[in-house]
Structures are given as C-alpha cells and as structure tokens.
Amino acid sequence: QKEVEQDPGPLSVPEGAIVSLNCTYSNSAFQYFMWYRQYSRKGPELLMYTYSSGNKEDGRFTAQVDKSSKYISLFIRDSQPSDSATYLCAMSQNSGYSTLTFGKGTMLLVSP
Amino acid sequence: DAGITQSPRHKVTETGTPVTLRCHQTENHRYMYWYRQDPGHGLRLIHYSYGVKDTDKGEVSDGYSVSRSKTEDFLLTLESATSSQTSVYFCAISEFTGTLNTGELFFGEGSRLTVL
C-alpha cells in the first residue's frame with residue numbers, strides 16, 4: 001500500500017460547483033498536511049497548510065484533516081476556470097521539508 | 001514569485017552522457033531541494049542542501065549527485081544518464097527547514113529532461 005493515495009482524475013466540474021479533493025494515507029505518524037496547486041508546465045505552489053486535525057479556511061478553500069480516518073480533503077467553493085490545475089497533497093511526520101511525502105495529484109478541470 | 005531560475009528548461013540527451021541541471025535563487029534561502037516528478041508517482045526528493053557544501057540524500061538519490069558551492073546555486077548532476085531518469089526536475093527553496101516557523105517551500109518552473 002502506498003503511503004499516500006490520491007485519485008488522479010481528471011475531475012470535471014462546471015463553474016460555480018463545490019469541489020472536493022481527497023487523499024488517504026497509511027502512516028498514522030503524519031501530522032503536517034499541505035495542499036499544493038500545480039498549473040500545467042509550472043512548479044507547485046502552496047495553497048493550504050494544516051497541522052494535526054481540524055479544518056482551516058482561506059477564502060474559497062477549506063482544508064480538512066481527519067486523522068482517525070487517515071483522510072484529508074480540500075474543498076473549493078464557487079469553483080472558477082482559473083482553478084483548473086493539478087492539486088497535490090503532501091504530508092510528513094515532522095515539520096521538515098526533507099521528509100515530505102507527496103500524493104500523485106488530482107487534475108481538476110472547471111468548465112465555464 | 002520566488003526568485004528561482006532553473007536551467008536548462010528543456011534538454012534531450014542520449015543514454016550514457018553526463019547532464020547537469022542548475023538551480024539559481026535570488027532569495028538567499030538556506031535550504032535547496034531537487035525533486036523529480038513522474039506520471040504515476042508523486043514528487044520525490046532526490047537530494048537537498050542545508051547550506052554551502054552541506055547536502056544530503058533524499059528518497060531517490062541513486063544515479064544523482066549534487067553540489068552547492070554558493071548559497072544561490074544548487075547543481076544536480078546525472079553522471080551517466082539513463083532512460084529511467086527521463087523526468088521533470090523541480091528545484092525548490094525554503095528559508096527554514098520546514099513549516100515549524102511557517103516557512104514555505106517554493107518551487108521553480110521545472111526542467112524537462114528526456115534521455116533517449
């Protein structure tokens with residue numbers, strides 16, 4: 001079993017939809033969780049960062065961590081065509097970037 | 001945008017030839033990283049550096065070497081390229097070692113390498 005599982009998609013939604021992106025993981029020691037957005041032919045950029053369990057909201061984006069289920073989610077409200085990108089989850093046991101484990105990414109397509 | 005420049009952005013080479021990818025930063029960040037990204041895999045860490053001349057191996061370091069002689073430059077070398085090293089290579093930088101101080105990991109735009 002891979003440490004981090006993420007459905008590659010593509011996930012196609014109409015503009016304005018609520019999008020749910022998810023990752024499951026097997027390592028119960030993970031406690032730092034991140035979501036990155038990667039546009040085509042670009043490097044990833046940090047969207048959300050969460051430590052341990054709970055929710056975090058930033059504008060149209062909400063990150064949710066359920067450590068009991070080993071499941072993290074990213075919700076995008078009022079999705080826009082500019083949200084079309086690949087979304088990568090990443091997580092680690094400690095705060096160090098050298099130990100980050102990335103998911104494969106989910107491609108999201110938001111149509112006008 | 002973080003000041004990270006990767007060169008070359010695209011390279012096609014033949015099996016057995018040496019290849020060097022360069023990452024140059026203008027942010028004076030202490031930590032620099034090389035990742036590779038392949039279909040079916042997440043980003044995987046190759047090597048990282050925590051200071052001038054200080055480097056360490058990542059998850060997939062076999063076949064790669066790195067050097068950092070100046071704060072701003074981090075070089076990734078494939079001594080003898082193989083087809084399995086065809087990938088997109090990303091450099092990343094961070095001011096801190098991780099998120100503990102809310103430091104962020106910034107990525108370059110990637111170098112696409114094809115080994116024939």
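For the structure, see preceding data.
Here goes a summary of the coordinates provided. In this text, all values refer to a predicted model and were calculated from it rather than measured experimentally.

Here is what the cut-offs are and how they apply
Residues numbered from 1 in each chain as written. Chains lettered and ligands numbered in written order. Predicted model: local features only at pLDDT ≥ 70, side-chain atom pairs only at ≥ 80, totals over all residues. Heavy atoms only, no water. Helix = DSSP H or I, 4+ residues; strand = E, 2+ residues; numbered from the N terminus. Rg over C-alpha atoms; globule rule 2.2 N^0.38 Å. Buried < 20%, exposed > 50% of the residue type's maximum accessible area, 1.4 Å probe, protein only. Contact = heavy atoms within 4.5 Å. Areas by Shrake-Rupley, 256 points an atom, 1.4 Å probe, with all protein chains shown as cover. Lys, Arg positive; Asp, Glu negative; His and termini not counted. Charge placed at Lys NZ, Arg CZ, Asp CG, Glu CD. Buried area = accessible area lost by both parts, 1.4 Å probe. Salt bridge = Lys/Arg side-chain N within 4 Å of Asp/Glu carboxyl O. Polar contact = N/O pair within 3.5 Å; in protein donor to acceptor, adjacent residues only side chain to side chain. Nonpolar A, V, L, I, M, F, W, Y, C, P; charged D, E, K, R; others polar. 1 Å grid on protein atoms, 1.4 Å probe; cavity = no way out; pocket = protein on both sides within 12 Å on 5 of 7 lines; lining within 4 Å. Points joined across faces, edges and corners; volume = space filled by probe spheres on them. Pairing = 2+ DSSP bridges. Disulfide = S-S within 2.5 Å. Axes fitted to C-alpha atoms, helices over the stretch in contact; angles between N-to-C directions.

### Looking at the overall build of chain A
Here is step 1 of the chain: Per the secondary structure count, chain A includes zero helices and 11 strands.
Here is step 2 of the chain: Going residue by residue from the N terminus, the α and β elements of chain A occur as β-β-β-β-β-β-β-β-β-β-β.
Here is step 3 of the chain: On C-alpha atoms alone, chain A measures out to a radius of gyration of 13 Å, which is about the 13 Å that the 2.2 N^0.38 rule sets for 112 residues.
Here is step 4 of the chain: C-alpha extents for chain A along the principal axes are approximately 40 × 30 × 25 Å.
Here is step 5 of the chain: Every one of the 112 residues in chain A was classed for burial, and the buried ones make up 46%.
Here is step 6 of the chain: If you take every contact in chain A between residues at least 6 apart in sequence, the share linking residues at least 24 apart comes to 55%.
Here is step 7 of the chain: Accessible area for chain A stands at about 5,200 Å²; split by element, carbon and sulfur atoms hold 48% of it.
Here is step 8 of the chain: Computing the positive centroid from 10 side-chain charges and the negative centroid from 10, chain A places the two 6 Å apart.

### A short note on the environment of A90 of chain A
Here is step 1 of the chain: Locating A90 of chain A in the fold gives a position in strand β9 (residues 85-92).
Here is step 2 of the chain: Along the chain, A90 of chain A and S73 of chain A lie 17 residues apart, while their C-alpha atoms are 11 Å from each other.

### What to know about the interface of chain B and chain A
In many analyses, interface size is given as the accessible surface area lost on bringing the parts together.
Here is step 1 of the chain: Each partner contributes to the interface: chain B provides 25 residues, whereas chain A provides 19 residues.
Here is step 2 of the chain: Roughly 1,800 Å² is buried in total at the junction of chain B and chain A, and carbon and sulfur atoms are behind 56% of that figure.
Here is step 3 of the chain: Across the pair K42 of chain A and E109 of chain B runs a salt bridge, and its minimum N-O distance is 3.1 Å.
Here is step 4 of the chain: Run the count over chain B and chain A and you get four residue pairs in polar contact (both at pLDDT 80 or more).
Here is step 5 of the chain: Elements represented by at least two residues in the side of chain B that touches chain A include exactly β4 (31-37), β5 (44-51) and β9 (87-94) of chain B.
Here is step 6 of the chain: The greatest single-element share of the side of chain B that touches chain A, amounting to three residues, is contributed by β4 of chain B.
Here is step 7 of the chain: Class assignment of the residues belonging to the side of chain B that touches chain A gives a composition of 10 nonpolar, 11 polar and four charged.

### Remarks on the pattern of salt bridges
Here is step 1 of the chain: In the structure shown here, the tally under the stated rule is nine salt bridges over all chains.
Here is step 2 of the chain: Salt bridges here are not isolated pairs; linked through shared partners, they connect K42 of chain A together with R9 and E109 of chain B.

### Digging into the layout of surface pockets
Here is step 1 of the chain: Here the largest pocket is characterised by a volume of approximately 660 Å³.
Here is step 2 of the chain: For the lining of the largest pocket, the secondary structure elements donating two or more residues are β9 and β11 (106-111) of chain A together with β9 and β11 (111-115) of chain B.
Here is step 3 of the chain: Each residue belonging to the lining of the largest pocket can be placed in one class, and the counts come to eight nonpolar, 13 polar and seven charged.

### Topic: the sheet that holds strand β7 (residues 61-66) of chain A
Here is step 1 of the chain: In spatial order, the strands read β1-β3-β8-β7-β6 (chain A); together these five strands make up an open sheet with antiparallel pairing. Each edge of the open sheet is held by one strand with a lone partner, namely β1 (4-5) and β6 (54-58) of chain A.

### A short note on the state of the cysteines
Residue and element names in this part refer to chain B.
Here is step 1 of the chain: Applying the stated rule across the entire model yields two disulfides over all chains.
Here is step 2 of the chain: In this model C23 forms its disulfide with C91; the gap between the sulfur atoms is 1.9 Å. One disulfide, between C23 and C91, carries an S-S torsion of -70° and so falls in the left-handed class. Remark: C91 occurs in strand β9 and C23 occurs in strand β3 (residues 19-25); sequence separation between them is 68 residues.
Here is step 3 of the chain: Assessed through its relative accessible area of 0%, C23 is described here as buried.

### Comments concerning the sheet that holds strand β7 (residues 65-70) of chain B
All names here are of chain B.
Here is step 1 of the chain: Read from one edge to the other, the open sheet built from four strands follows the order β1-β3-β8-β7, with strand pairing classed as antiparallel. For this open sheet the edge positions go to β1 (4-7) and β7, each flanked by a neighbour on one side alone. When strand polarity is set aside, the average angle formed by the axes of neighbouring strands in this sheet is 20°.
Here is step 2 of the chain: Pairing analysis gives six bridges linking β3 to strand β8 (residues 73-78), with the strands arranged antiparallel. Paired with V19 across the two strands is L78, which belongs to β8.

Remember, this is a structural readout, not a statement about activity or role.
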